[in-house]
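What follows is each chain in one-letter form.
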Amino acid sequence: MEEFRRSYSRLCKESGSEPQEAVLQQLHQLPRGRLDLATQSLTVDTCRALGKLLQSQTLLTELVLSDCMLSEEGTTLLLQGLCANTVIRFLDLKGNNLRAAGAEALGKLLRQNQSIQSLTLEWNNLGTWEDAFATFCGGLAANSTLQQLDLRNNQISHKGAEELALALKGNAALQQLDLRWNNVGLLGGRALVNCLPSNRTLWRLDLAGNNVPSDVLRAVEQAMEHNRDRHTAFQETQTRTHLLSKEVQYLQEEKSKQFLDLMETIDKQREEMARSSQASAARVGQLQEALKERHSIINALKAKLQMTEAALALSEQKSQDLGELLATAEQERLSLSQREEKERRLEQQEAAERESKLLRDLSAATEKNLLLRNQVDELERKLKSQQEELFLTRQELTNTSAELKIRVVQAEERLDVEKRRARQNMEDSEKLRFKEVEHMTRHLEESERAMQERLQRLEALRLSLEEQQHLAHLEEKLRLLAQARDEAQGTCIQQKQTVAEAQARASHLSLQVEGQRRRIEELQQELSNKDQEKVAEVTRVRVELQEQMGRLRAELTAQETLREKVAALERQLKVIASDHREALLDKESENASLREKLRLKEAEIARIRDEEAQRASFLQNAVLAYVQGSPLRSLSPPK
């Protein structure tokens, strides 16, 4: 601020004039962000210096220049400097007798400046020159930041009011306009009333002391109430949407975390299954290698047998020994045939057991499907019940809103009756109004408490239902994953058993080959039979493995379909919850608008009472002044 003071002194000296002591003193005592030069007579040089300083300063947000007796040239210089300013929010030019040049400069300021939000122009003469005031209204129409405008006591006629109406049609930012103590009249009031349907941002318009009929004032008040309700509803919706966006973001984060945890567990289980399948594949490869080794051994045995045939042709002398050996071989063959029959019986029993196990698996899968269908039906029934409850709550909300509207209309009618009787019997009407307002407030508070309790119960019920459904969904997923893991372990155990059986059979075959060297034809036949059985067993094992893999894939697809169904149900629940929240928000906005109407009615009653008291005191002072012989101009209303 000291730099601001030095710059002001330097600019005054450059223009060849001395800086004003009063202005220097105010700059020395300048509070942060506010420059108050009220009741200081500012010269043209001071205005020129302040205008240059205000073009580039970034510290001041409020500028008060009320009752400074500004000339037209000084006003123009100041406002030219403010056109380039981007930080001042509040500007007060009250009581400066601004005329045509000031109105045109203000119009230019409103067109170019994009930071001023509040402009006070009370006790000026802007409405006296119609062309200049039209320029001012054009700047107001083009402005997009001004929210509050005070034009009290500015000699605005009905033509000026028509220009203001045209400006309000094009303006989309002004919220408060004060036109008290002007000369708007009937035509101006009607012009303002006609422009209000196209303006949805103005929610306060004061026309007291303008000789405007009461029906026009009522129309203006109704339009302002409508805009106020829209403004409050818009603000509440903004706050609600902000809070809901935060809640939705938090819920999405929680859901993403839970989903990531589930995916991690599923990935781990898939990795375990992949490792087990790899181990089984490696084991099968080892078994195939062992079978290849057995085949090589058998081929070697065949070569040895061929060598023995040559030896048998040469050793005919040992025929007797060979006969004995043949007898023993026949006995061994009989024992081998018995063993093979036993093994076939065991294999048939194992096949029957496998078939029964498959049937049990199929029955379990069907039971699972039935259980899932029952759960889906239960969820649909719960959704229907929740929709019915939401419909009932909406009906109750509509009924309560209608009752509240009827009571508000009745209260407004009573207030109008009391206003007509206010001049005759003020004290009795005030007592009755206070009683009615207290009764209405109590009734509204009771209804609001009842509705809030009802909404809290519904919200608790919804939360409990969501938690139960979510927990049931997670438990079902964990149970399905555990079943899949158990089935994979069972398949691995069966594969190990089949591999052990194959190893036992291969060893048994090798023993048979070593025992029956002497019976070449029978051994070759038996070896060929055993080879065929091995191939059939390997193919059967492969087929069983493929069938098990197909069943596992089918189960995975079924689980994916169930997950999609559950996700669809969760989306439906979210839609229902969002509809419920919207209904609650609508009800809360209606309650807030009713409370705002009651507050505005009370403020209107207090304002009317104050105005009546001011008028009575004004008349009393006028009578006393007339009796004492004092001039009437001294009784003009203060600025």
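What you see is a predicted model, and the numbers here were worked out from it, not measured in a lab.

### Notes on the overall build of the chain
For the chain, the count of helices and strands is 12 helices and 7 strands. Against the compact-globule benchmark of 26 Å for 639 residues, the chain has a radius of gyration of 50 Å, which places it well outside the compact range. Oriented by its inertia axes, the alpha-carbon framework of the chain measures out at about 175 × 70 × 40 Å. Counting all 639 residues of the chain, 33% fall into the buried class.

### Focus on the pattern of salt bridges
Taken as a whole and judged by the stated rule, the model has 21 salt bridges. Glu14 is the salt-bridge partner of Arg10, the closest N and O atoms lying 3.3 Å from each other. One end of the pair is Arg10 and the other is Glu14, both in helix α1 (residues 2–14) and 4 residues apart, which spans about a single turn. A salt bridge links Glu537 to Arg540, with the nearest nitrogen and oxygen atoms 2.1 Å apart. You can see Glu537 and its partner Arg540 sitting in helix α12 (residues 520–628), 3 residues apart, about one turn around the helix.

### Re the environment of Leu287
With respect to the helices and strands, Leu287 occurs in helix α9 (residues 214–314). Leu287 sits 28 residues away from Phe259 along the chain, and the two C-alpha atoms are 41 Å apart.

### So, the nonpolar core
Ranked by internal contacts, the top residues of the largest apolar core, which has 67 residues, are Leu121, Phe136, Leu149 and Leu151. Beyond its immediate sequence surroundings of up to four residues, Leu151 is in contact with Leu121, Leu126, Phe136, Ile156, Leu164, Leu177, Asp178, Leu179, Arg180 and Asn182.

### Considerations on a nonpolar patch on the surface
On the surface, a cluster of nonpolar side chains totalling about 380 Å² of accessible area is made up of Val623, Tyr626 and Val627. Since its relative accessible area comes to 65%, Val627 is described here as exposed.

### Description of helix α3 (residues 44–56)
Of the residues making up α3, those classed as buried are Thr46, Cys47, Ala49, Leu50, Gly51, Leu53 and Leu54. Buried residues belonging to α3 abut α1, α2 (21–28), β2 (62–64) and α4 (72–83).

### Section: the sheet that holds strand β6 (residues 176–178)
Reading across from one edge, β1-β2-β3-β4-β5-β6-β7 is the order of the 7 strands in this open sheet, with parallel pairing throughout. Unpaired on one side and paired on the other, β1 (34–36) and β7 (204–206) mark the two borders of the sheet. Taking the axes of each pair of neighbouring strands and ignoring which way they run, one obtains an average angle of 0° across the sheet. For strand β5 (residues 148–150) and β6, the ladder comprises 3 bridges, and the chain directions are parallel. Residue Leu149 lies in a different strand from β6, and its bridge partner there is Leu177.

### A word on unusual backbone geometry
Positioned with a positive phi, Met69 is a non-glycine residue whose angle comes to about 50°. Within the secondary structure layout, Met69 lies in the loop between β2 and α4. Its identity as a non-glycine residue notwithstanding, Trp123 has a phi of 60°, on the positive side. Mapped onto the elements of the fold, Trp123 is located in the loop between β4 (118–120) and α6 (130–142).

### Thoughts on the packing of helix α5 (residues 100–112) against α6
Remark: α5 packs on α6, axes separated minimally by 7 Å, with the N-to-C direction vectors making an angle of 15°. Between α5 and α6, the angle falls in the class roughly parallel. Judged by the sense of rotation from one axis to the other, the crossing of α5 with α6 is left-handed. Contacts between α5 and α6 involve Ala100, Ala103, Glu104, Leu106, Gly107, Leu110 and Arg111 from the first element and Ala132, Phe133, Thr135, Phe136, Gly138, Gly139, Leu140 and Ala142 from the second.

### Some remarks on a negative patch on the surface
A cluster of like negative charges, contributed by Asp261, Glu264, Asp267, Glu271 and Glu272, occupies part of the molecular surface. In this structure Glu264 comes out as partly exposed when scored by relative accessible area, which is 45%.

### A look at α6
Here α6 contains 13 residues, and its C-alpha end-to-end distance of 18 Å stays within 8% of the 18 Å for a straight helix at 1.5 Å per residue. Buried within α6 we find Ala132, Phe133, Phe136, Cys137, Gly139 and Leu140. For α6, the arc enclosing every buried residue in end-on projection is 155°, short of the 170-degree limit, so these residues lie on one face. Where α6 is buried, its residues touch α5, β5 and α7 (158–170).

### With respect to the state of the cysteines
Covalent bonding between the sulfur atoms of two cysteines is what defines a disulfide. Under the criterion given, the structure shown has 0 disulfides. Among the cysteines around Cys68, which has no disulfide bond, Cys47 carries the closest sulfur, lying 8.1 Å off. Judged by its relative accessible area of 0%, Cys68 is buried. No disulfide involves Cys137; its sulfur sits 11 Å from the nearest other cysteine sulfur, which is in Cys195. Judged by relative accessible area, which is 2%, Cys137 ranks as buried.

### Examining the packing of helix α8 (residues 185–195) against α9
At their nearest, the axes of α8 and α9 sit 10 Å apart, and the two run at 25° to each other. With respect to α9, the element α8 is oriented roughly parallel. Handedness of the α8/α9 crossing: left-handed. Residue-level contacts link Leu186, Gly189, Arg190 and Val193 of α8 to Val216, Ala219 and Val220 of α9. The residue inventory of the contact of α8 with α9, partitioned by class, reads 5 nonpolar, 1 polar and 1 charged.

### Here's the deal with the environment of His580
Considering the arrangement of structural elements, one finds His580 in helix α12. On the basis of relative accessible area, His580 is assigned to the buried category, the value being 5%. On a C-alpha basis, the gap between His580 and Leu455 in space is 9.8 Å, while along the polypeptide they are 125 residues apart. With near-sequence residues (within four places) excluded, His580 lies in contact with Leu390, Leu458 and Glu459.

### Comments concerning the confidence of the model for the chain
Here the chain shows a mean pLDDT of 83. Residues at 70 or above account for 95%. Counting interchain partners and residues more than four positions distant, the pLDDT-below-50 stretch residues 630–639 has 11 contacts.

### Concerning the side chain of Gln57
As for its position among the elements, Gln57 is in the loop between α3 and β2. Here Leu60 takes part through its backbone nitrogen, which lies 2.7 Å from a polar atom of the side chain of Gln57. Those residues in contact with Gln57, other than ones at most four positions away along the chain, are Phe4, Asn85, Val87 and Ile88.

### A short note on the side chain of Asn182
Among the secondary structure elements, Asn182 is positioned in the loop between β6 and α8. What makes Asn182 buried here is its relative accessible area of 3%. Side-chain polar atoms of Asn182 contact the backbone nitrogen of Gln155, separated by 3.1 Å. Here Ile156 takes part through its backbone nitrogen, which lies 3.3 Å from a polar atom of the side chain of Asn182. Beyond its immediate chain neighbours, meaning those up to four positions away, Asn182 contacts Leu151, Arg152, Asn153, Asn154, Gln155, Ile156, Gly209 and Asn210.

Rules used in this analysis
- Residues numbered from 1 in each chain as written.
- Predicted model: local features only at pLDDT ≥ 70, side-chain atom pairs only at ≥ 80, totals over all residues.
- Heavy atoms only, no water.
- Helix = DSSP H or I, 4+ residues; strand = E, 2+ residues; numbered from the N terminus.
- Rg over C-alpha atoms; globule rule 2.2 N^0.38 Å.
- Buried < 20%, exposed > 50% of the residue type's maximum accessible area, 1.4 Å probe, protein only.
- Salt bridge = Lys/Arg side-chain N within 4 Å of Asp/Glu carboxyl O.
- Core = buried A, V, L, I, M, F, W, Y, C linked by side-chain atoms within 4.5 Å.
- Contact = heavy atoms within 4.5 Å.
- Patch = residues over 30% accessible without salt bridge, like charges linked within 9 Å, V, L, I, M, F, W, Y side chains within 5 Å.
- Areas by Shrake-Rupley, 256 points an atom, 1.4 Å probe, with all protein chains shown as cover.
- Pairing = 2+ DSSP bridges.
- Axes fitted to C-alpha atoms, helices over the stretch in contact; angles between N-to-C directions.
- Parallel < 35°, antiparallel > 145°, perpendicular 65-115°, else oblique.
- Left-handed = near helix turned anticlockwise from the far one by under 90°.
- Lys, Arg positive; Asp, Glu negative; His and termini not counted.
- Charge placed at Lys NZ, Arg CZ, Asp CG, Glu CD.
- Expected span 1.5 Å × (residues − 1).
- Arc of directions from axis to C-beta.
- Disulfide = S-S within 2.5 Å.
- Nonpolar A, V, L, I, M, F, W, Y, C, P; charged D, E, K, R; others polar.
- pLDDT = per-residue confidence, 0-100.
- Polar contact = N/O pair within 3.5 Å; in protein donor to acceptor, adjacent residues only side chain to side chain.

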